[in-house]
Amino acid sequence: MVSEADCLFCRIVAEEIPAEIVHETGRTLAFRDIDPKAPTHVLVIPKDHYPDAAALAAADHGLADEVIKAAHAVAEQEGIAGSGYRLVFNTGAQAGQTVFHVHGHVLGGRGLSWPPG
């Protein structure tokens, strides 16, 4: 597994930092956001370290698809797939990315306005 010693999410994958895990596959992990912005707010990550969505798309054929499939599985499990949910990947500091391990935010459980920022 590819990891970064100082990466918060790599440390969650390594079980060095606790998280409320809600879904896991061989290559993905999903856990509740510690500062939720909606009734359902779950982060979905690849277990290997990629700094952002662009790096993930360029580096591993098929893994981005697995992350999105895991996000949909979380939405189904959380009961928001039918009513609608938002999947957000912030890429870069100006876009609001604060942890530089690619992660998708699964948001739902209430109406979500547009534009988001």
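Located above this text is the structure these notes cover.
Residues numbered from 1 in each chain as written. Predicted model: local features only at pLDDT ≥ 70, side-chain atom pairs only at ≥ 80, totals over all residues. Heavy atoms only, no water.

A.B. asks: What is the right way to read the nonpolar core from this model?
C.D. replies: Nonpolar side chains tend to gather and get buried jointly when the protein is soluble and globular. One finds Ala-30, Val-42, Val-44, Leu-56, Val-74 and Val-106 to be the most contacted residues of the largest nonpolar core, which totals 15 residues. Listed by contribution, the elements that provide at least two residues to this core are strand E3 (40–46) and helix H3 (63–78). The element that contributes the greatest number of residues to this core is H3, accounting for six residues. For Ala-30, the contacting residues outside a window of four places in its chain are Glu-20, Ile-21, Val-22, His-23, Val-42, Leu-43, Val-44 and Val-74. Counting 10 residues, the second-largest nonpolar core is a separate cluster that includes Phe-9, Cys-10, Val-13 and Phe-31. (Core = buried A, V, L, I, M, F, W, Y, C linked by side-chain atoms within 4.5 Å. Buried < 20%, exposed > 50% of the residue type's maximum accessible area, 1.4 Å probe, protein only. Helix = DSSP H or I, 4+ residues; strand = E, 2+ residues; numbered from the N terminus. Contact = heavy atoms within 4.5 Å.)

A.B. asks: Where do I start with the pairing of E3 in this structure?
C.D. replies: One face of the sheet, then the other: side chains in a regular strand alternate in exactly this way. When you tally the buried positions in E3, you get seven out of seven residues, the bulk of the element. Here E3 shows two buried faces, one formed by Thr-40, Val-42, Val-44 and Pro-46 and the other by His-41, Leu-43 and Ile-45. Bridge count for strand E2 (residues 28–32) against E3 is five bridges, and the pairing is antiparallel. Bridge pairing links Arg-32 to Val-42 in E3. (Pairing = 2+ DSSP bridges.)

A.B. asks: Looking at this structure, I do not really get the layout of surface pockets. What am I missing?
C.D. replies: In this approach, a probe sized like a water molecule rolls over the atoms, and the result shows the empty space that is left. The space that makes up the largest pocket amounts to roughly 540 Å³. For the lining of the largest pocket, the element with the highest residue contribution is helix H1 (residues 8–13), accounting for three residues. Considering only residue class, the lining of the largest pocket consists of 14 nonpolar, seven polar and five charged. (1 Å grid on protein atoms, 1.4 Å probe; cavity = no way out; pocket = protein on both sides within 12 Å on 5 of 7 lines; lining within 4 Å. Points joined across faces, edges and corners; volume = space filled by probe spheres on them. Nonpolar A, V, L, I, M, F, W, Y, C, P; charged D, E, K, R; others polar.)

A.B. asks: It is not clear to me how the pattern of salt bridges should be interpreted in this structure. Could you clarify?
C.D. replies: Scanning the entire structure with this criterion turns up seven salt bridges. Close ionic contact of Lys-69 with Asp-65 constitutes a salt bridge, the shortest N to O distance being 3.1 Å. On the criterion of helical spacing, the pair formed by Lys-69 and Asp-65 is a turn pair, its members being four residues apart in helix H3. Overlapping salt bridges bring together Glu-20, Arg-32 and Glu-78 as one network. (Salt bridge = Lys/Arg side-chain N within 4 Å of Asp/Glu carboxyl O.)

Take it as geometry only, folks, not as evidence of what the structure does.
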